[in-house]
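Each chain, letter by letter, is given below.
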Amino acid sequence: MNVIIASLNTAIERLLLVDKQQPGEVHRLLDDKTLAGGKGVNVARVLTQLQSTLNNAPAPLLVGFLGGATGSLCLELLAQEQLAGRWCDIAGSTRICEVVTEQASPEKASVYNAAGPEIQPEELARLHDMLADEMRQASAVICTGSLAKNLTPDEYGHWISLARKQGILSLLDTHGPALLQSASALPDIIKINRDELRQANVSSGLNLSETWLAQGVRCVIITNGQQPALALTPDGNYEITSPSIDTVSPVGSGDAYCAGIIASLIARPRASWVEHLTFATACGAANAASPTAGLAGNISLFELQRHCTVRTVSPLPRSPDC
C-alpha cells in the first residue's frame, strides 16, 4: 500500500552554502546542490528513508505536475533518489527555488520560492484521473505545500474527500486560503504553524482548532518554530518539545515531521498518540541535522524519540493566539 503525496507545485531546488550573506556583494559558494524539491518531494524522501528504519513503513507515491526542461531535469533527479511518482505533463515549466544558508548560522537560511507554472483545466482533469486510479490502493494521502497557479484553494479538499470515501488516512499541511477551504473537507490531521493559525482565527472570528475538532478532524498539530508544538489528539492534548541537536539546516523539518507521523500511524496502529508524535518530532530533528531535506544518516531516530519532552496540556486552549 502506498502513501499518496500531493506534489502540485514541484520544484528544482538549489541549495547554496555561503560563509555569510552580504547584500550587494559577490558570494563564493562553499557548496551547492541541485535536488528535486517542493514539500511533497521532501515528505517522499523521508518516507523512503523510513522504510529501512521503521518496520512496515509505507512506500511513498508522488502525484503531481511536471513540465518543460526543468520538469525533465526534475524527473531525472527523482529517479536518482528512486522516488516514485505519477506525473501529469504540463505546458508550463516546473519552477526553480533557492535556499541560501550561512555556514556559521544555518538557522538563518533564506528561502526563495518561485510561484510556479499555470495549470490548464485539461491538465488538472488528467491529474484527477490519475489520483482516482491510485487512490484505490492507497493507505494514506498527504496534502502539503503550495498550489500552482490556476488551482482553486479547495483543491486539497478534493483529495481529502476522495480519501474519506475510501476510508483512508489524510493529512493537510498548507497555509492561507488553501488551508481554510480544504480544512472543511475534514482531514484526519491538520498541521499548522502557530502564526498562521493566529491570523486565521482573527480573520474568521473562530477558534479554528476547536472548530475543526468539533467537526470531525481527529488531530490538530500547532507548530511554533523551535518552540514546543501543541498537539490536540483523541488521547488528550500534549506539548511536545524537540530534543536538542546541532542544526545544520532547518529547511524541510516540517515535511519530515509529516512523513514521520503518517509512517508511525500506519506502521504502528496500536501505538499511542504520544508515541506517534514523539516519533514525528524525532524525524523533524533528524532533518535539521542534515544539510539537505531528509534524515541525517548518523542519528538514531529512536534515541531522539527518547529525548523528546512531553507535557500534558489541559484544558484545551481557547485563545485565538493558540
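Residues numbered from 1 in each chain as written. Predicted model: local features only at pLDDT ≥ 70, side-chain atom pairs only at ≥ 80, totals over all residues. Heavy atoms only, no water.

A.B. asks: Describe in detail the overall build of the protein, supporting the description with residues and values.
C.D. replies: Scanning the protein from N- to C-terminus turns up ten helices and 14 strands. Burial statistics for the protein: of 322 residues in total, 53% are counted as buried. Taking contacts inside the protein between residues at least 6 apart in sequence as the whole, the part at least 24 apart equals 69%. By element, 48% of the accessible surface of the protein is carried by carbon and sulfur atoms, the whole surface being about 14100 Å². (Helix = DSSP H or I, 4+ residues; strand = E, 2+ residues; numbered from the N terminus. Buried < 20%, exposed > 50% of the residue type's maximum accessible area, 1.4 Å probe, protein only. Contact = heavy atoms within 4.5 Å. Areas by Shrake-Rupley, 256 points an atom, 1.4 Å probe, with all protein chains shown as cover.)

A.B. asks: Residues and numbers for the packing of aromatic side chains, please.
C.D. replies: Enumeration over the complete set of coordinates arrives at one aromatic pair. Each ring, one from F279 and one from F302, has its centre 5.9 Å from the other, and the planes form 35 degrees; the classification is tilted. Of the two residues, F279 is situated in helix α9 (residues 273–288) and F302 in helix α10 (residues 301–306); the sequence distance between them amounts to 23 residues. Under the relative-accessibility criterion, F279 is labelled buried at 0%. (Phe/Tyr/Trp six-rings, centres within 6.5 Å; stacked < 30°, edge-to-face > 60°.)

A.B. asks: Tell me about the sheet that holds strand β11 (residues 219–224), residues and numbers included.
C.D. replies: If you walk across this open sheet you meet the ten strands as β5-β4-β1-β8-β9-β10-β11-β12-β13-β14, and the pairing is mixed. Of all the strands in the sheet, just β5 (85–90) and β14 (309–313) have a single pairing partner and so form its edges. The average undirected angle you get between the axes of adjacent strands in this sheet is 15 degrees. One ladder, built from four bridges, connects strand β1 (residues 2–7) with strand β8 (residues 138–144); its direction is parallel. Pairing of I4 across the sheet is with V141, part of β8. The strands that helix α1 (residues 39–50) touches are β1, β4 (59–67), β8 and β9 (169–173); relative to β1, the one it contacts most, it runs at about 155 degrees. The sheet strands contacting helix α6 (residues 194–204) are β10 (189–193) and β11, and the helix crosses β10 at an angle near 95 degrees. (Pairing = 2+ DSSP bridges. Axes fitted to C-alpha atoms, helices over the stretch in contact; angles between N-to-C directions.)

Remember that the coordinates give geometry; whether it matters functionally is a separate question.
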